[in-house]
Amino acid sequence: VESTANAVELGRPGNRSERYAPQGVYATAGDDEWLAVCVDSDSSWRALVQLLGLSADLAIAESWDVSERLARHDDIDRRLSGWLASREAPKAAEMLQQHGIAAEQVIPVSDLDGNRLLRERGFFSPLDHPLAGPVNYIGLPWQRDGTRFIPTSPAPLFGQHTGQSRDIELHQI
């Protein structure tokens, strides 16, 4: 759409954003442990600079606005990656969150139902499946007009709904 409407060819930004910096997924200590981080405001940036001790290396780093941070994203990524490399993902996420920086450990889908933040936000719908027993079904990851939609019935058995309407019933919470 961007190309057709505005003649702008978009590249592949990976985990980066055009509006926030730094933003990315970074390796942490441990086997295949990763942390997603997004600095979405100047105040979060100043907190990150202080936490990482960047102000000693980059005398004016605290004053960088988002355009300056976007221009220096590679350098910031190297410094942030170095800082995170020696820290366990859950502890690093907690430390960053305590300083007002959006950060969360990247976890496998199989571990989602143990995530405290998702449970607190009503992301799951516990339903009883006729074969699998109690299962936490995942709701839609967004809200519409402040309403989150979650499944109200378990996944069907093979052929269970053959010939019935294919509409998905969702419940507002």
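This text follows the structure it describes.
Residues numbered from 1 in each chain as written. Predicted model: local features only at pLDDT ≥ 70, side-chain atom pairs only at ≥ 80, totals over all residues. Heavy atoms only, no water.

Just checking my understanding: could you explain the layout of surface pockets for this structure?
One simple way to see leftover space: roll a probe sized like a water molecule over the atoms. The space that makes up the second largest pocket amounts to roughly 200 Å³. Taken together, Pro 90, Ala 93, Glu 94, Gln 97, Glu 104, Gln 105, Ile 107, Asp 111, Gly 114, Asn 115, Arg 116 and Leu 117 make up the full set of residues lining the second largest pocket. Elements supplying a minimum of two residues to the lining of the second largest pocket: helix H6 (89-98), strand S3 (102-106) and helix H7 (116-120). Ranked by residue count, the leading element in the lining of the second largest pocket is H6, at four residues. Residues that form the lining of the second largest pocket fall into these classes: four nonpolar, four polar and four charged. (1 Å grid on protein atoms, 1.4 Å probe; cavity = no way out; pocket = protein on both sides within 12 Å on 5 of 7 lines; lining within 4 Å. Points joined across faces, edges and corners; volume = space filled by probe spheres on them. Helix = DSSP H or I, 4+ residues; strand = E, 2+ residues; numbered from the N terminus. Nonpolar A, V, L, I, M, F, W, Y, C, P; charged D, E, K, R; others polar.)

I keep staring at unusual backbone geometry and nothing clicks. Help me out?
The omega torsion across Ala 21 and Pro 22 is -5°, close enough to zero to call that bond cis. In this model, Asp 32 sits at a positive phi of 55°, which is unusual for a non-glycine residue. By the element assignment, Asp 32 lies in the loop between strand S1 (23-27) and strand S2 (34-38). The phi dihedral of Asp 145 falls on the positive side, at around 50°, and the residue is not glycine. Tracing the chain through its elements places Asp 145 in the loop between strand S6 (143-144) and strand S7 (147-151).

Please explain the packing of helix H2 (residues 42-52) against helix H5 (residues 73-84) as it appears in this structure.
Helix-helix packing is characterised by the crossing angle of the two axes and by the distance between the axes. Where H2 meets H5, the closest approach of the two axes is 11 Å, and the angle between their N-to-C directions is 55°. Comparing their axes, H5 and H2 come out oblique. Crossing handedness for the pair H2 and H5: left-handed. In this structure, H2 uses Trp 45, Leu 48, Leu 51 and Leu 52 to contact H5, whose residues at the interface are Ile 76, Arg 79, Leu 80 and Trp 83. For the contact of H2 with H5, the per-class residue count stands at seven nonpolar, no polar and one charged. (Axes fitted to C-alpha atoms, helices over the stretch in contact; angles between N-to-C directions. Parallel < 35°, antiparallel > 145°, perpendicular 65-115°, else oblique. Left-handed = near helix turned anticlockwise from the far one by under 90°. Contact = heavy atoms within 4.5 Å.)

Can you help me understand the nonpolar core in this one?
The nonpolar side chains of soluble globular proteins are, as a tendency, buried together. Residues Leu 35, Val 37, Trp 45, Leu 48, Leu 80, Leu 84 and Leu 96 are the most contacted members of the largest nonpolar core, which totals 21 residues. Where this core is concerned, the elements lending two or more residues are S2, H2, H5 and H6. Per element, the largest residue contribution to this core is six residues, and it comes from H2. (Core = buried A, V, L, I, M, F, W, Y, C linked by side-chain atoms within 4.5 Å. Buried < 20%, exposed > 50% of the residue type's maximum accessible area, 1.4 Å probe, protein only.)

Is there a simple way to explain the sheet that holds S3 in this structure?
Whether parallel or antiparallel, the strands of a sheet pair through hydrogen bonds between backbone atoms. Here three strands make up an open sheet; going across it, the order is S1-S2-S3 and the pairing antiparallel. In this open sheet, the two edge strands, each paired with only one partner strand, are S1 and S3. In this sheet, neighbouring strand axes are inclined to one another by 20° on average, regardless of whether the strands run parallel or antiparallel. Where S1 lies against S2, five bridges are found, and the strand directions are antiparallel. (Pairing = 2+ DSSP bridges.)

Can you help me understand the packing of aromatic side chains in this one?
Within the structure shown, the criterion is met by two aromatic pairs. Centre to centre, the rings of Trp 45 and Trp 64 are 5.9 Å apart; their planes meet at 15°, and the pair counts as stacked. Pair noted here: Trp 45 is in helix H2 and Trp 64 is in the loop between helix H3 (54-57) and helix H4 (66-71), with a separation of 19 residues, a long-range link. Note on Trp 64: relative accessible area 5%, which makes it buried. (Phe/Tyr/Trp six-rings, centres within 6.5 Å; stacked < 30°, edge-to-face > 60°.)

By themselves, these figures tell us nothing about what the structure is for.
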